[in-house]
Amino acid sequence: QSAEAAVHLPYTLYAADELAAAFGTIKTATDGAAVKDAIEEYGGAVGLDLSVYGALTETAREYAVAAFLSNRGGAAGEADVPEVSALLTEASIAARLKYAEAAEMTALLGAYEPLLQLKETEVYQRFRTSLEPSDASDALNRRFAEYNTDGITDYASIRTAYEHAVLVYMVYKNESWYRVREVVEHYGAGLGMDLSKLNGIPDVTEMYKAMNGMPVNTVDDLISVYDAAARDAGAEKKPPSKASGGGGSGGTVSIIPPPTANPDIDETPADAPVFSDMEGAAWAVGAVEYLYRAGIVSGKGENLFYPSDLVTREEFAKLLALAKGLPLGGADGAGFADVDADTWYAPYIAAAKSAGIVNGISAERFGVGETITREDMAVMLYRAVKPPAAIAEAADFTDSTDISAYAIQAVRNLSAAGIVNGMEDGRFAPSAGATRAEAARMIYNALTSGITEG
């Protein structure tokens, strides 16, 4: 190759002791400027991963170095290159998120999710169904960028900040007063709310309705709104002299009793119907709207519920898990070959199976993607509710002999309890597929039946 055609690449040679001294500065120095200079001059040469740090603005780099020093502590003299590199990447991601534009936050969080695991947090899992739609997820992430990134320095603080953003967003979102109740009663104490204020309120429902949709941006905003709502509710409704009322700081929601005492969804005020396609299922409108406001069911489009669509086995397992307030842990416990751990339905099937509510169509398969039959839906619901064996006389369906042996007790007892009904022609239609409207009505009937779990 001729000298004229030669390609000259720039490179720098460092002495071994020079690199060792630079790495020592990065590991042990407390002067941020000195550490920053060492990272930028020698970081790549000593083997640090600068892919995130190198893309930061100057301001963000200064923040990343400060976060790195905070995470590192006084010194990391025994740390090796991979350990120091991981600390720098962690601090750099925190800096990148802190100075991110709202419009780019969704893409950034998606790229960093394998490291951050925000969607695996307990708070995100509880409100997952409300956050899964892309528009809701993007709105949450934008608000996280705008209001909730102060003080983040490492993965743990990012997760905490994001959980706070979720809780604030669930109040701001104006989805359901019931969601506000979950935020306050499950997480309020950890956020700094004084939950003893609930003791002076006989009925907290109106307080939660007043909080729902308030323009809160931060945890401090949320606490202020809670304090004001509790004060107003206490002033409007004096507590009885011998007992305190209210919701307290209870545990998980149970399918029985219902979330509020004697709910009557036909009297729930609403400016307009939630869904515009319920004309052919008027008998299910109240149930659907109640479950929608409770965060148990959702639509499939703009103001559309699709009441006649059939329900799959995994969809009904999810509805029961949400209605019963089951904790959503890992999906590995599902134990079915057709339930992949990374699918949206895996945690719900695992939770329902752990609670003894669902079994598979065989020892190996749950039956993912298969339409749930009316008799199988009754069996699952029966296991969740556990009504007494003889509440009242069960309906005498004209096709009772067609009901499978394993489902007879469930259908009979749920019918006697008024939770399941037959078709207009007197059949139960055990092998027919269950519709979304039918599933909603059955779950609503269970929630409002007044039956205690036995």
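All values derive from a computational prediction rather than experimental measurement. All residue numbers here refer to positions counted from 1 along the written sequence of the relevant chain. Local features are withheld for residues below a pLDDT of 70 in this predicted model, meaning they are given only at 70 or higher, and side-chain atom pairs are given and counted only at 80 or more; totals for whole chains, interfaces and linings count all residues. The side-chain numbers reported here are obtained from all heavy atoms of the structure, hydrogens and water having been left aside.

1. A few points about the environment of Y208
Alright, step 1. Secondary structure elements follow DSSP: runs of H or I of four or more residues count as helices, runs of E of two or more count as strands, with numbering from the N terminus. Mapped onto the secondary structure, Y208 falls in helix α11 (residues 205-211).
Alright, step 2. Along the primary structure Y208 and Y226 are separated by 18 residues, whereas in three dimensions their C-alpha atoms are 8.7 Å apart.
Alright, step 3. What makes two residues a contact is simply this: any of their non-hydrogen atoms within 4.5 Å. In this view, Y208 contacts W177, V180, R181, V184, E185 and L198; residues no more than four positions away in its chain are not counted.

2. Quick look at the side chain of K27
Alright, step 1. Among the structural elements, K27 can be located in helix α1 (residues 16-28).
Alright, step 2. Contacts described as polar in this section are N or O atom pairs within 3.5 Å, which, within protein, must combine one atom able to donate a hydrogen with one able to accept it, while residues neighboring in sequence count only if both atoms come from side chains. Among the polar contacts listed, one links the side chain of K27 to the backbone oxygen of A79, at a separation of 3.2 Å.

3. Digging into the packing of helix α8 (residues 134-147) against helix α9 (residues 155-172)
Alright, step 1. Throughout, an axis means a line fitted to C-alpha atoms (over the contacting stretch in the case of helices), and angles, computed between N-to-C directions, take values from 0 to 180 degrees. The interhelical angle for the contact between α8 and α9, taken along N-to-C directions, is 120°, at an axis separation of 9 Å. The angle between α8 and α9 falls in the class oblique. The chirality of how α8 crosses α9 is right-handed. Contacts between α8 and α9 involve A136, A139, L140, N141, R143 and F144 from the former and I158, A161, Y162, A165, V166, V168, Y169 and Y172 from the latter.
Alright, step 2. Taken together, the residues of the contact of α8 with α9 break down into twelve nonpolar, one polar and one charged. Put simply, angles under 35 degrees are roughly parallel, angles over 145 are roughly antiparallel, angles from 65 to 115 are roughly perpendicular, and the rest are oblique. Crossing handedness is read from the near helix: turned anticlockwise from the far helix by less than a right angle, it gives a left-handed crossing, and turned clockwise, a right-handed one. Polarity classes work like this: nonpolar for Ala, Val, Leu, Ile, Met, Phe, Trp, Tyr, Cys and Pro, charged for Asp, Glu, Lys and Arg, and polar for all others, with Gly in that last group.

4. Here's the deal with helix α15 (residues 346-354)
Alright, step 1. Exposure categories follow from relative accessible area, calculated using a 1.4 Å probe and restricted to protein chains: below 20% of the type maximum is buried, above 50% is exposed, and the middle band is partly exposed. With seven of its nine residues buried, α15 lies for the most part within the structure.
Alright, step 2. Every buried residue belonging to α15 is among A346, P347, Y348, I349, A350, A351 and A352, and all of these are buried.
Alright, step 3. The secondary structure elements touched by the buried residues of α15 are α6 (122-126), α7 (128-131) and α14 (313-324).
Alright, step 4. Once α15 ends, the next one or two residues include G356, with phi positive near 80°.

5. Here we look at the confidence of the model for the chain
Alright, step 1. In this model, the chain carries a mean pLDDT of 83, and residues with pLDDT of at least 70 account for 84%.
Alright, step 2. The predictor attaches a confidence to each residue, called pLDDT, with possible values from 0 through 100. In the predicted structure, residues 236-271 sits below a pLDDT of 50 and forms 77 contacts with residues beyond four places in sequence or in another chain.

6. Brief notes about the packing of aromatic side chains
Alright, step 1. Any Phe, Tyr or Trp ring, taking Trp's six-membered ring, that has another such ring centre within 6.5 Å forms a pair; planes under 30 degrees apart are called stacked, those over 60 apart edge-to-face, and the others tilted. The tally for this structure, following the rule as stated, stands at eleven aromatic pairs.
Alright, step 2. Relative to Y99, the ring of Y63 lies with its centre 5.8 Å away and its plane at 85°, an arrangement referred to as edge-to-face. Within this pair, whereas Y63 is found in helix α3 (residues 58-72), its partner Y99 is found in the loop between α4 (81-98) and α5 (105-116), the two being separated by 36 residues in sequence.
Alright, step 3. For Y63, a relative accessible area of 17% corresponds to the buried category.
Alright, step 4. We call a charge positioned above a ring when the Lys NZ or Arg CZ atom is no farther than 6 Å from the ring centre and deviates by at most 35 degrees from the ring normal. The positively charged end of R374 is found above the aromatic ring belonging to F428, 4.6 Å away from the centroid.

7. What to know about the nonpolar core
Alright, step 1. Ranked by size, the top nonpolar core spans 143 residues in total, and within it L97, M207, M211 and F316 carry the most contacts.
Alright, step 2. In terms of residue count, the dominant contributor to this core is α9 (eleven residues).
Alright, step 3. Excluding residues within four positions of it along the chain, L97 makes contact with M105, L108, L109, Y112, L116, T149, I152 and I158. Put simply, a nonpolar core is a bunch of buried Ala, Val, Leu, Ile, Met, Phe, Trp, Tyr and Cys residues held in one set by side-chain atoms that sit within 4.5 Å of each other.

8. Concerning helix α2 (residues 32-46)
Alright, step 1. The reported bend at a residue is simply the angle between two axes, fitted to the 7 residues ending at it and to the 7 residues beginning with it. The axis of α2 is deflected most strongly, by about 45°, at E40.
Alright, step 2. Regarding α2, the residues found buried are V35, K36, A38, I39, Y42, G43 and V46.
Alright, step 3. Tucked inside the fold, the buried residues of α2 contact α1, α3 and α4.
Alright, step 4. Two or three places before A33, at the start of α2, stands the capping residue D31, its side-chain oxygen 3.1 Å from that residue's backbone nitrogen.

9. A closer look at the packing of α1 against α2
Between two packed helices, both the angle of their axes relative to each other and the distance between the axes serve to describe the pair.
Alright, step 1. Where α1 meets α2, the axes come as close as 9 Å, and the angle between the chain directions of the two elements is 130°. Considering the angle they form, α1 stands oblique to α2. Crossing angle aside, the handedness with which α1 passes α2 is left-handed. Residues E18, L19, A22, F23, T25 and I26 of α1 touch α2, and the partners they reach there are A34, V35, A38, I39, Y42, A45 and V46.
Alright, step 2. Among the residues making up the contact of α1 with α2, the classes are represented as eleven nonpolar, one polar and one charged.

10. Regarding a negative patch on the surface
Alright, step 1. Where like charges cluster on the molecular surface, the negative patch consists of D17, E18, D31, D37 and E41.
Alright, step 2. Among the elements of the structure, α1 and α2 are those that each provide at least two residues to the negative patch.
Alright, step 3. Residue placement: D31 occurs in the loop between α1 and α2. Each patch is assembled from residues with relative accessible area greater than 30% and no salt bridge, linking like charges that lie within 9 Å and nonpolar side chains (Val, Leu, Ile, Met, Phe, Trp, Tyr) that lie within 5 Å. In these tables, accessible area is a Shrake-Rupley quantity obtained with a 1.4 Å probe, and a residue counts as shielded only by the protein chains included in the view. By convention in these notes, a salt bridge is any Lys or Arg side-chain nitrogen within 4 Å of a carboxyl oxygen on Asp or Glu. When charges are counted, neither His nor the chain ends are considered; positive counts come from Lys and Arg and negative counts from Asp and Glu. For the purpose of locating charges, the reference atoms are NZ of Lys, CZ of Arg, CG of Asp and CD of Glu.

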